Every structure is written in C-alpha cells, then in structure tokens.
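# Report on the structure
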Amino acid sequence: MNYLNYQFTVEPPEPGSEILMAMIADYGFESFDIQPNGFNAFITEENAKEINLSDLVFDDFKFSVSIQTIEQTNWNSEWEKNFEPVIIDDLLAIRANFHSPITTVKLNIEITPKMSFGTGHHQTTRLVAKQLFQLNLNEQRILDMGCGTGILAILAEKLGAKEVLGIDIDAWSVENSIENVAINKCAKTIIKKGDVEDLNSENPFDLIIANINKNILKKHLPTYAEKMKTGSHLILSGFFLTDVDELTEIANKLHLIKVSVETENEWAMLVLKK
C-alpha cells in the first residue's frame, strides 16, 4: 500500500498551518509533519480518493499543495533519516534505537519511528506526557485511546500503572505500538486494533487518555464518561485552545468537571474529573 505526502505551503504559516491542520483532521490523514513554511500530511492512496480541498478558502491566509507518492518500502528509511530525539524538559526523552540514551532526563522511551502518529514531536503528545508525570499512576488501570506509536501507553506503565490498554483504529499504528511496547519491555501493556465500540465490554478505568481530534472526541465523550470510575481523570488533547469551551460544555453534561487546561502553540490539553 502506497502513501501520499500532501505538501502544504501556507502563507503566513502561523497560525495558518494549525488552522488548516484542524480543518483537514477528519479527512483521513494519519500524521502531520510541521515545516517552516507549512506542513506535510500523510494519507493512504485509498483514503485520499475522497479528499476535496477546493472548498477550503480562508480570509487570513493562503495555501497551496503538491502531492508526492511514497512507497511503503521506502517510508521507514526516510522517516528514520530525519527523526530527531524529543526531549521534554528534564522528564522524558523519546528516541530511536540509533540514538544513544539521554542521561539528562528521568525516563527514556525508545521507539521505532514509523509513520504512526505520536512520535512526541507534536505539541499534543508533549502536553499529555508532561501531565502524566504530574499524576499518581501507581496501580491504576489506564486506557490510551488512539495510541498511535504507543508512547503514552508505554509512559503510563513506566510511571507505575498496573494495567494499560492501548487501542487504535489503524492497523499500522497497532503494529508499531506492539513493536514499541516490546522494545521498552512493557509487560503490563496490551495493544488492540479497534474503536470506541470495543470499550463496551471493558471494566471502568482509573485514567483515560485520548489524543485524537475534536470531532471524534465529541462522539466518544459519552463512552469515556461511562467507562470512568468516580474520581478518575480523563485527559483530552488533539485540538486547539478555541475548542476547549465546546468540549468542556459537553463534558459538564456528562458530569465531568474541568480540572485544568494547558496549551502549546495554540494546541490544547483538557484534564477532566468524574
């Protein structure tokens, strides 16, 4: 299966790139790569058949796009060639196996950098990772919904969780997460391919992490609320600061109260409590 790289040039790139990414988040793109003058967006050829960008017109910025076909056999070498370690304060380093361990942080996570979303380079992954260090995860049962590369699930186990379930709808992400869980020797983490319906048979969680996008989060929130223990937390990310009020309003109707909001470059993370 081949992938397409939609190379978006945005003028001005800030905040135009972030607005455009939010608008196309539901189109089936599987990951985004920020560039100085815009961003790259990656999608399978099959999913790209439904994309129509002609209706996207903005008053505050302009964009153009070129499309490059990337054969799957060539993808990993290109991704690895450009993959740089992610260092989050003095807390966490996310690195590939060809990087030396980073000794200035509390934890190292090693991943095989394939095309799954969630390598730690995106603001939302960093926001959630920092939040996990602030919570007591000892002996907790945790769900990482939309686990991508598995970084947040792996981090949760390393921070003391007794059981972690990672779920992703994308088969490639599931494969990558399983590989990364094994690399990091996380025996308490299980990765499954599935969607929100697969939570129906699950017992309640002490913490749910969902780093997806706003529209999907809105659909999933009732199920998340149902699968949370009283007093448990829900960490949402993958959306912009301007979306926080809308998500908070929906959450309040489900008896979830806002605990905190953190932001990075207009991207936001919302922490809720049941």
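What you see is a predicted model; the values in this text were computed from it and never measured. (Residues numbered from 1 in each chain as written. Predicted model: local features only at pLDDT ≥ 70, side-chain atom pairs only at ≥ 80, totals over all residues. Heavy atoms only, no water.)

## Regarding the state of the cysteines
Disulfide: a covalent bond formed between the sulfur atoms of two cysteine residues. One pass over the structure, following the stated rule, counts 0 disulfides. Cysteine C147 is unpaired, with the sulfur of C186 as its nearest cysteine sulfur at 13 Å. Residue C147 is classed as buried on the basis of its relative accessible area, which comes to 6%. (Disulfide = S-S within 2.5 Å. Buried < 20%, exposed > 50% of the residue type's maximum accessible area, 1.4 Å probe, protein only.)

## Here we look at the nonpolar core
Note on soluble globular proteins: their nonpolar side chains tend to be buried together. Of all hydrophobic cores here, the largest spans 34 residues; its most connected members are L92, L132 and I142. Of all the elements in the fold, those that place two or more residues in this core are β5 (86-88), β6 (92-96), β7 (107-111), α4 (123-134), α5 (151-158), α6 (171-183), β11 (205-211) and β14 (267-273). Element by element, the count of residues in this core is highest for α5, at 6 residues. Other than its neighbours up to four places away in sequence, L92 contacts V86, I87, V105, L107, I109, A129, F133 and L155. If you look at the next biggest cluster of nonpolar residues, it comprises 24 residues, including I167, V196, V244 and L256. (Core = buried A, V, L, I, M, F, W, Y, C linked by side-chain atoms within 4.5 Å. Helix = DSSP H or I, 4+ residues; strand = E, 2+ residues; numbered from the N terminus. Contact = heavy atoms within 4.5 Å.)

## Overview of α5
Taking burial as the measure, the 8 residues of α5 include 7 buried ones, the bulk of the element. Along α5, the residues that are buried comprise I151, L152, A153, I154, L155, A156 and E157. Following α5 by one or two positions, G160 adopts a phi angle in the positive range, close to 115 degrees.

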